[in-house]
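# A look at the structure
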Amino acid sequence: MGRKWGDRRDGTLVRSTDSMHYIMPLMYPNRCDNEAFISETVDLTNAMKWLEAKNASGPDYKYNVFQLIVTAVLKTITLRPQLNRFYANYNLYQRNEVSAAFTIKKQFRDESDEGLAFIHAKPSDTIDTVHDEIYRQVHYVRHEGKDQSTESMDFLQKLPFKKLIGAAARFLDRRGLMPQSVIATDPFQSSVVLANLGSIKLHAGYHHLTNWGTTSVFVVIGEIRQRRFDDGQGGEALRTSVDIGLTVDERISDGFYCSRAVALLHKLLEDPRLLERPLAEKVDF
């Protein structure tokens, strides 16, 4: 079935919606004016045991918590598709694919450059295929070259009339007409952007969305550490955990739908065996 009038290259126009979702972008057209922030702490006790068993066979590229979170977020968005919507030019769209993006520090030094990673998820993907794709992109950025969008930005940087270029880019972006070569690995054209602040010893916290692009969800991952949890017997127990901050464009769905998505994310991270199954396989939660 081909594109209909009003559809974009990256999304299908949501043609049937309630009056609130019609009016909201007219009153609040900017994504950054509609941010809802959610802060969660996730118990990683089972996840750490799963990782230990998974890495016992000695894979060259170890499985880690970041890969688990990327896969869990992709599965959550796959099963809760309203999170994969975005507003552009006053209209609501359902994105055509589930995708995730993040930056890669080439070396942990002040003067080191960053690269961009962009994962195009398939319904059949699992933690294993996501792990392999993350490895492929990290290896490429660190050892072989620049991603496509960075190369395009390097070219644009050399051109004159930067204000004119910026105005033209924003005009094309709002209408989904930016050249694919420019936005191929642009993180803000993905379903979700993830920032692994724990890898640089920072806590999770709020991160804004951007009016550029189409991303409606931003996930910040904090440092893994020991925290006290209720042991269910009136006491407390120290457990390995991670803080996660989620910023969502509140126009794309209602609070109940988002709260159920957060419950699903908890379920997946607290029972990572579910991530060995395809992203599209349903989960009871």
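So, a few notes on the structure that sits alongside this text. Please read all numbers here as calculations on a predicted model, not as lab measurements.

### Quick look at the overall build of the chain
Along the chain, the regular secondary structure elements total 8 helices and 10 strands. By the compact-globule yardstick of 19 Å for 285 residues, the chain fits well, its C-alpha radius of gyration being 20 Å. Structurally, the chain occupies a C-alpha span of about 60 × 50 × 35 Å along its principal axes. Every one of the 285 residues in the chain was classed for burial, and the buried ones make up 44%. The long-range fraction of contacts in the chain, counting pairs at least 24 apart against all pairs at least 6 apart in sequence, stands at 70%. For the chain, the computed accessible surface area is about 15400 Å², with 54% contributed by carbon and sulfur atoms. Each charge class in the chain can be summarised by its mean position, and for the 37 positive and 37 negative side chains these summaries are 5 Å apart.

### So, the sheet that holds strand S1 (residues 11-13)
Spatial ordering of the open sheet is given by S1-S4-S3, a layout of 3 strands whose pairing is antiparallel. What marks the edges here is a single partner per strand, and that holds for S1 and strand S3 (85-88). Between one strand axis and the next, the sheet turns by 40 degrees as a mean value, whatever way the strands run. Sheet topology places S3 next to strand S4 (residues 91-95); 4 bridges connect them, and they run antiparallel.

### Quick look at the nonpolar core
With 51 residues, the main nonpolar core has Ile69, Leu74, Leu194 and Val219 as its most contacted residues. The greatest single-element share of this core, amounting to 9 residues, is contributed by helix H3 (residues 65-79). The next biggest cluster of nonpolar side chains, apart from the first, holds 5 residues, and it includes Val193, Ala195, Phe218 and Val220.

### Quick word on the packing of H3 against helix H8 (residues 255-270)
Between H3 and H8, whose axes approach to 9 Å, the crossing angle comes to 140 degrees. Relative to H8, the element H3 lies oblique. Regarding H3 and H8, the two cross each other, and that crossing is right-handed. Residues Leu68, Ile69, Ala72, Val73, Lys75, Thr76 and Leu79 of H3 lie in contact with H8, whose contacting residues are Ala261, Leu264, Leu265, Leu268 and Leu269. Per-class residue counts for the contact of H3 with H8 are 10 nonpolar, 1 polar and 1 charged.

### A closer look at a nonpolar patch on the surface
Among the surface-exposed residues, Tyr22, Ile23, Leu26, Met27, Tyr28 and Tyr90 lie close enough to one another that they form a single nonpolar patch of about 640 Å² accessible area. Assignment of secondary structure puts Met27 in helix H1 (residues 19-27).

### Concerning the environment of Asp125
By the element assignment, Asp125 lies in the loop between strand S6 (114-121) and helix H4 (127-143). Sequence separation between Asp125 and Glu276 is 151 residues; the distance between their C-alpha atoms is 8.8 Å. When residues no more than four places from it in sequence are discounted, the contact partners of Asp125 are His120, Val130, Arg277, Pro278 and Leu279. At a separation of 2.8 Å, a polar atom in the side chain of Asp125 contacts the main-chain amide nitrogen of Lys122. Polar side-chain contacts of Asp125 include one of 3.0 Å to the side chain of Thr129.

### Observations concerning H8
Between its first and last C-alpha atoms H8 spans 23 Å; for 16 residues at 1.5 Å apiece the expected length is 22 Å, and the two agree. Taken together, the buried positions of H8 are Tyr257, Cys258, Ala261, Val262, Leu264, Leu265, His266, Leu268 and Leu269. Buried residues in H8 make contact with strand S2 (35-43), helix H2 (45-55), H3 and strand S10 (236-249). At the N-terminal end of H8, a side-chain oxygen is found 3.1 Å from the backbone nitrogen of Phe256, two or three residues along, and the residue is Asp254.

### Observations concerning the state of the cysteines
Here a disulfide denotes one covalent bond, and it connects the sulfur atoms of two cysteines. Enumeration according to the criterion identifies 0 disulfides in this entry. Free cysteine: Cys258, not disulfide-bonded; nearest cysteine sulfur from Cys32 at 17 Å.

### Observations regarding the side chain of Thr71
On the secondary structure map, Thr71 appears in helix H3. Among the polar contacts made by the side chain of Thr71, one reaches the main-chain carbonyl oxygen of Gln67 at a distance of 2.8 Å.

Parameters at a glance
Residues numbered from 1 in each chain as written. Predicted model: local features only at pLDDT ≥ 70, side-chain atom pairs only at ≥ 80, totals over all residues. Heavy atoms only, no water. Helix = DSSP H or I, 4+ residues; strand = E, 2+ residues; numbered from the N terminus. Rg over C-alpha atoms; globule rule 2.2 N^0.38 Å. Buried < 20%, exposed > 50% of the residue type's maximum accessible area, 1.4 Å probe, protein only. Contact = heavy atoms within 4.5 Å. Areas by Shrake-Rupley, 256 points an atom, 1.4 Å probe, with all protein chains shown as cover. Lys, Arg positive; Asp, Glu negative; His and termini not counted. Charge placed at Lys NZ, Arg CZ, Asp CG, Glu CD. Pairing = 2+ DSSP bridges. Axes fitted to C-alpha atoms, helices over the stretch in contact; angles between N-to-C directions. Core = buried A, V, L, I, M, F, W, Y, C linked by side-chain atoms within 4.5 Å. Parallel < 35°, antiparallel > 145°, perpendicular 65-115°, else oblique. Left-handed = near helix turned anticlockwise from the far one by under 90°. Nonpolar A, V, L, I, M, F, W, Y, C, P; charged D, E, K, R; others polar. Patch = residues over 30% accessible without salt bridge, like charges linked within 9 Å, V, L, I, M, F, W, Y side chains within 5 Å. Salt bridge = Lys/Arg side-chain N within 4 Å of Asp/Glu carboxyl O. Polar contact = N/O pair within 3.5 Å; in protein donor to acceptor, adjacent residues only side chain to side chain. Expected span 1.5 Å × (residues − 1). Disulfide = S-S within 2.5 Å.

Any functional reading would require information that these geometric values do not contain.
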